[in-house]
Amino acid sequence: MPASVLRHYRSPWTRTVDLEHGVRAVRVWWHGNLRVFRAARAAHDHLGGAPAACAYAFTLFVTWWTLRGISDIAGHRLILSASTNLHNMRHDPVQVLVASAFWTEGGFPWTIVLGFLTVMAWAERWLGTVRWVLIFALGHVGATLITVTGTAYAVDHRLLPLKVAVVSDVGASYGFSAVLAALAYHLSGTARLVWAGGLVAWFGLLAWRGRTFTDYGHLTAVLIGLLAGAMALTVARRLERRAGRQRDTTSETAAGQANSA
């Protein structure tokens, strides 16, 4: 990173929010005038700052609409072809890793779409689009590869029936879970510990009760998000300290030149 750029470096990973201050700001905003107009403006600004999350939500709508317009048999075959099951991962892993994240089973995915337009959009506005995409992809791909490896081991050792290799498994929940975990680093102090601990406890409980590879995958994605966030925060702090030293050096040099003149 060039020195001139590094002097102005400020990472989003080191920018935290104070919940108490945020709650007070919301209360002040709520009691102001033109509430409806300001709410519409805030929603516009919120979504306008999160193009990837909005595009993802729209893509999920399109794929749901596609399934709605074809027969159940054709839809089932389409979902199976995009699933990250053991059979597909052995034959065309890259294609199914990408395709599986943009399909959902069942009815309209209200929960996941609203989640992208609210929580994921908030995360993208904080991290920036590139970082958000990287964390999401890391959670989706990493958790999928780990769970598929576990499935392969279980099938090879006859701990699971062979039919598990061709089950349907699509959705964006792994990437969603990883970003949720990374959001812990947008909080500070006790709030960060509560957020991270709550996610691990919740998904750990689901894995312990459900004991399916999907449940284990969600827990894995949360751990991936926490680990990736911790590593990114460590690197960001080092870069900011280095940028601070360069700014100090530049200021001292400028002061010395001014005194000599």
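Everything below is about the structure shown above.
Residues numbered from 1 in each chain as written. Predicted model: local features only at pLDDT ≥ 70, side-chain atom pairs only at ≥ 80, totals over all residues. Heavy atoms only, no water.

Things to note about the overall build of the protein
The cut-off we apply is this: Only runs of H or I of at least four residues qualify as helices and only runs of E of at least two qualify as strands under DSSP, and these elements are numbered from the N terminus. Relative accessibility under 20% of the residue-type maximum defines a buried residue, over 50% an exposed one, and the middle range a partly exposed one, all with a 1.4 Å probe and only protein chains included. Only the protein chains shown count as covering a residue, and every accessible area follows the Shrake-Rupley method with a 1.4 Å probe. For the purpose of charge, His is not counted, nor are the chain termini; Lys and Arg are scored as positive and Asp and Glu as negative. All charge positions are set by atom: Lys at NZ, Arg at CZ, Asp at CG, Glu at CD.
Helices and strands together make up the secondary structure of the protein, namely 12 helices and 0 strands. When the backbone C-alpha atoms are referred to their principal axes, the protein occupies close to 80 × 50 × 30 Å. Burial analysis of the protein (261 residues in total) assigns 37% to the buried set. Carbon and sulfur atoms make up 65% of the accessible area of the protein, which amounts to about 15,500 Å² in all. A distance of 5 Å separates the average location of the 24 positive side-chain charges in the protein from that of its 13 negative side-chain charges.

A word on the pattern of salt bridges
What counts here: The term salt bridge refers to a pairing of a side-chain nitrogen on Lys or Arg with a carboxyl oxygen on Asp or Glu at a separation within 4 Å.
Within this structure, the stated rule accounts for 2 salt bridges. Of the charged contacts in the structure, one is a salt bridge between D156 and R90, with a shortest N-O distance of 3.8 Å. Taken as a pair, D156 in helix α9 (residues 129-156) and R90 in helix α6 (residues 86-91) lie far apart in primary sequence, 66 residues in all. Each member of the pair, D156 together with R90, is exposed.

Points about the packing of aromatic side chains
To keep things clear, this is the line we draw: Stacked, tilted and edge-to-face pairs are distinguished by plane angle, under 30 degrees for stacked and over 60 for edge-to-face with tilted covering the rest, among Phe, Tyr and Trp rings (Trp via its six-membered ring) whose centres lie within 6.5 Å.
Under the defined criterion, the tally for this structure stands at 17 aromatic pairs. Taking 6.5 Å as the distance between ring centres and 35° as the angle between the ring planes, the aromatic pair formed by F58 and F61 counts as tilted. With F58 and F61 both in helix α4 (residues 51-68), this residue pair falls 3 residues apart, about one helical turn. Both rings, one in F116 and one in F176, keep their centres 5.6 Å apart while their planes meet at 85°; by these two values the pair is edge-to-face. One end of the pair, F116, is in helix α8 (residues 110-127); the other, F176, is in helix α10 (residues 173-182), and 60 residues separate them in sequence.

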